[in-house]
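The residues making up each chain are set out below.
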Amino acid sequence: PNIQGVIEKVEEELAELKEAISNESKSEQRAELGDLLFSVAQLGRHLDVDPEQALRECNNRFQSMFFKMKNLIEDEGFKMTDLAPEKLEAYWQKIKKTCV
């Protein structure tokens, strides 16, 4: 009935997903991920935010930032595939600062 209850449900579903991950049961993981996504969509409803639109916008931001990062890496003479995860993360953080 209220947003706090929905947030608690999201947290509960996330905990259940973590448990399913530790159990290594793909069918349980799929079910719990579905429950979590459903609960997050309900949170969007309580925030008066269309969850599908929010996800589309997030995907667009991610794609834009990813290609900016890729271009920066290539401009500096590197290939993404040659960089360690820590270095990729450093580039990602650098791009995030420019996109705020």
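Residues numbered from 1 in each chain as written. Predicted model: local features only at pLDDT ≥ 70, side-chain atom pairs only at ≥ 80, totals over all residues. Heavy atoms only, no water.

## Points about helix α2 (residues 26–46)
- Taking 1.5 Å per residue as the helical rise, α2 with its 21 residues ought to reach 30 Å, and the 30 Å between its terminal C-alpha atoms agrees with that figure.
- Buried within α2 are the following residues: Q29, E32, L36, S39, L43 and G44. Taken down its axis, α2 places every buried residue within 155° of arc, on the same side. Along α2, the residues that are exposed and aim more than 90 degrees away from the buried face are R30, L37, F38 and R45.
- Looking at the buried positions of α2, the neighbouring elements they touch are α1 (3–23).
- Downstream of α2 by a residue or two, D48 has a phi angle that is positive, lying close to 60°. (Helix = DSSP H or I, 4+ residues; strand = E, 2+ residues; numbered from the N terminus. Expected span 1.5 Å × (residues − 1). Buried < 20%, exposed > 50% of the residue type's maximum accessible area, 1.4 Å probe, protein only. Arc of directions from axis to C-beta. Contact = heavy atoms within 4.5 Å.)

## Quick word on unusual backbone geometry
- Phi at E24 is positive, roughly 60°, even though this residue is not glycine.
- Summarising the element assignment, E24 is placed in the loop between α1 and α2.
- Overall, the relative accessible area of 69% leaves E24 in the exposed class.

## Focus on the pattern of salt bridges
- Inspection of the entire model under this criterion finds four salt bridges.
- K70 is the partner of E74 in a salt bridge, and the nearest nitrogen-oxygen pair spans 2.8 Å. Highlighted residues: E74 and K70, both in helix α3 (residues 51–75), separated by four residues, approximately one helical turn.
- Among the residues examined, E74 registers a relative accessible area of 41% and is labelled partly exposed.
- Here the salt bridges do not stand alone but share partners, grouping K9, E12 and E13 into one network. (Salt bridge = Lys/Arg side-chain N within 4 Å of Asp/Glu carboxyl O.)

## A word on the confidence of the model for the protein chain
- Per-chain confidence: the protein chain averages 95 in pLDDT, with 99% of residues scoring 70 or above.
- Taken element by element, the protein chain is modelled with least confidence in helix α4 (residues 85–98), mean pLDDT 94, and with most confidence in α1, mean pLDDT 97. (pLDDT = per-residue confidence, 0-100.)

## A word on the packing of aromatic side chains
- Using the criterion set out here, one finds three aromatic pairs in the structure.
- Taking 5.3 Å as the distance between ring centres and 45° as the angle between the ring planes, the aromatic pair formed by F62 and W92 counts as tilted. A residue pair is termed long-range when its members are at least 10 positions apart, and F62 in helix α3 and W92 in helix α4 qualify at 30 residues.
- By relative accessible area, which is 16% here, W92 ends up buried.
- Look at F66 and F67: their rings are 5.5 Å apart centre to centre, the planes differ by 85°, and that puts the pair in the edge-to-face class.
- F66 sits in the partly exposed class, given a relative accessible area of 28%.
- F67 sits in the partly exposed class, given a relative accessible area of 40%.
- By the ring-pair criterion, three or more aromatic residues cluster together here, those being F62, F66, F67 and W92. (Phe/Tyr/Trp six-rings, centres within 6.5 Å; stacked < 30°, edge-to-face > 60°.)

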